[in-house]
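Structural characterization, general
In case you want the letters, here they are:
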Amino acid sequence: MPKILVVNSNTTEAVTARIALAAEAACPEGVSVHTVSAPFGLPLIVTRADWLVAGPATLAALAAHQGEYDAAVIACFGDPGLDAAKELLGVPVLGISEAAFHAASMLGRRFGVVSFTAALQPMFEDCLDHHGLRARCAGFRMGPGFSGDPGSVAEERQALLLDLVRQSVELDGAEAVILAGGPLAGVAARLQPHVAVPLVDGTAAAVRLAAALIGMAGRRVARPRPLAGYSAEVTRLYQD
C-alpha cells in the first residue's frame, strides 16, 4: 500500500494529533498516512526566524523516515524546508501552503487567506511570492496576537475564524478561502456548512495531491558532499 508521511514542523504533539486526524480523513482509499512531529525546534512557527529554524528540523524528520514513504507532506504553513526536501528526497514532497494556494486558485478566481494571528502574515506573503500566486490572493484576514496553546487555538478562536472568513468573502471578494496553519487542521470542514464558498484545509489539500503524485519521480539530485554537524539521516541525503 502506498504511504504518505506528514511532518508537523513544530514540536507540539496536540497539533500533530490534529494534523493526523485531518490527514487521515483526507487520505484516499488504498493509501496510508503517518504523521510525525519535528524531532526538535519550536512549539509554534510564527516568525521568519522560526521558519528558518524549522527547516532543518523538518528535513531531519523526513530523512529519519526515508524509504518508508512514497510521498511526503510538510504540515506547516510556510512550508519550511520544502525546496531542500524536493531536491534531496527522490519522492514527491508538498507543503500545505503550496497545496492550499494551488487548490484554492483552482476553486476560485481569487482566494482569501484566514488565520488565527496577524504575526503569521509576513511569512505567508513570502510563501505566496515564492509560489508565484500573489496576484490570485484577495487578501488576508488575521486574528490578533496569540501566546496560548497552539493545540487548542482552533477551538478557542473558531467563532473569530468564521467571522474572518465571512469578511474575506463579503469585503475582499474571495471566491475560496484558505484556513491557514497546521493548528487549524480540520477547521475548514467544521466551518464549511456556514459559508457559501469553498474552504480549503492545507493538510487535506496536500494529502490528496500527494496521493495523486505517488509514482511520479522526485527531483533527487546526486551531489555527494561532506556535511558536518547534522544527524546521520540528514548526512546520508548528501552521501547516497
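These figures come from a predicted structure and were not determined experimentally.

Definitions and limits used
Residues numbered from 1 in each chain as written. Predicted model: local features only at pLDDT ≥ 70, side-chain atom pairs only at ≥ 80, totals over all residues. Heavy atoms only, no water. Phe/Tyr/Trp six-rings, centres within 6.5 Å; stacked < 30°, edge-to-face > 60°. Helix = DSSP H or I, 4+ residues; strand = E, 2+ residues; numbered from the N terminus. Buried < 20%, exposed > 50% of the residue type's maximum accessible area, 1.4 Å probe, protein only. 1 Å grid on protein atoms, 1.4 Å probe; cavity = no way out; pocket = protein on both sides within 12 Å on 5 of 7 lines; lining within 4 Å. Points joined across faces, edges and corners; volume = space filled by probe spheres on them. Nonpolar A, V, L, I, M, F, W, Y, C, P; charged D, E, K, R; others polar. Core = buried A, V, L, I, M, F, W, Y, C linked by side-chain atoms within 4.5 Å. Contact = heavy atoms within 4.5 Å. Pairing = 2+ DSSP bridges. Right-handed = clockwise from strand over helix to strand, strands pointing away. Axes fitted to C-alpha atoms, helices over the stretch in contact; angles between N-to-C directions. Parallel < 35°, antiparallel > 145°, perpendicular 65-115°, else oblique.

**A word on the packing of aromatic side chains**
By the definition in use, this model includes four aromatic pairs. Measuring from centroid to centroid gives 5.9 Å for Phe 101 and Phe 111, while their planes differ by 20 degrees, and the two rings are stacked. Here Phe 101, found in helix α4 (residues 96–107), pairs with Phe 111, found in strand β5 (residues 111–115); they are ten residues apart in sequence, far enough to count as distant. In terms of burial, Phe 101 and Phe 111 fall into one category: buried. Each member of the aromatic cluster is reached from another via a ring pair, and the members are Phe 77, Phe 101, Phe 111 and Phe 124.

**Looking at empty space enclosed by the protein**
According to the stated counting rule, one finds two cavities of 30 Å³ or more in the structure shown. Of the pockets and cavities examined, the largest cavity occupies roughly 110 Å³. Lining the largest cavity are 15 residues; nearest its centre among them are Ile 45, Cys 76, Gly 181, Gly 182 and Pro 183. Residue classes in the lining of the largest cavity are distributed as eleven nonpolar, four polar and no charged.

**What about the nonpolar core?**
Counting 68 residues, the largest nonpolar core has Ile 4, Phe 111, Ile 178 and Leu 179 as the members making the most contacts within it. Not counting residues up to four positions away in its chain, the partners in contact with Ile 178 are Phe 77, Ala 100, Phe 101, Ala 104, Phe 111, Gly 112, Val 113, Val 114 and Val 200. By size, the runner-up hydrophobic cluster in this structure holds 20 residues, among which are Ala 61, Val 91, Val 234 and Tyr 238.

**Description of the pairing of strand β6 (residues 137–142)**
Regular strands place their side chains on alternate faces of the sheet. In terms of residue burial, β6 counts as a mostly covered element, since five of its six residues are buried. Note: β5 against β6, five bridges, orientation parallel. Within β6, the position partnered with Gly 112 by the bridge is Gly 139. Between the parallel elements β5 and β6, the chain passes through helix α5 (residues 121–130) in a crossover that is right-handed.

**Some remarks on unusual backbone geometry**
With the exception of glycine, most residues fall at negative phi, and the peptide bonds are largely trans. A positive phi angle is found at Asp 79, which is not glycine, with a value near 55 degrees. With respect to the helices and strands, the residue Asp 79 is situated in the loop between β3 (71–74) and α3 (82–88). Residue classification places Asp 79 among the buried positions, given a relative accessible area of 3%.

**Considerations on the packing of α4 against helix α9 (residues 202–213)**
Two packed helices can be described by the angle between their axes and the distance between those axes. Running from amino to carboxyl end, α4 crosses α9 at an angle of 90 degrees, the nearest separation of the two axes being 8 Å. Judged by the inter-axis angle, α4 sits roughly perpendicular to α9. Contacts between α4 and α9 involve Ile 96, Ala 99, Ala 100 and Ala 103 on the former and, on the latter, Gly 202, Thr 203, Ala 205, Ala 206 and Leu 209. Its residues assigned to classes, the contact of α4 with α9 comprises seven nonpolar, two polar and no charged.

**Re the sheet that holds strand β2 (residues 32–37)**
Pairing is parallel across the open sheet formed by four strands, whose spatial order is β2-β1-β3-β4. Each edge of the open sheet is held by one strand with a lone partner, namely β2 and β4 (93–95). Taken pair by pair, the neighbouring strands of this sheet meet at an average axis angle of 20 degrees, ignoring direction. The pairing of strand β1 (residues 3–8) with β3 spans four bridges and is parallel.

**Some words on the side chain of Ser 115**
Its location among the elements puts Ser 115 in strand β5. What Ser 115 contacts, discounting residues up to four positions off in sequence, is Leu 120, Phe 124, Arg 141, Met 142, Gly 143, Leu 161, Leu 164, Ala 180 and Leu 184.

**Thoughts on the environment of Asp 126**
Tracing the backbone through its elements, the reader meets Asp 126 in helix α5. For Asp 126, a relative accessible area of 36% gives the class partly exposed. Taking C-alpha positions, Asp 126 is 26 Å from Thr 35, a pair spaced 91 residues apart along the chain.

**As for the environment of Ala 104**
Within the secondary structure, Ala 104 is located in helix α4. Residue class for Ala 104 comes out buried when judged on its relative accessible area of 0%. Each C-alpha atom of the pair Ala 104 and His 34 lies 25 Å from the other, and the pair is 70 residues apart in sequence. Residues contacting Ala 104, with those up to four places away along its chain left out, are Phe 111, Ala 176, Ile 178 and Val 200.

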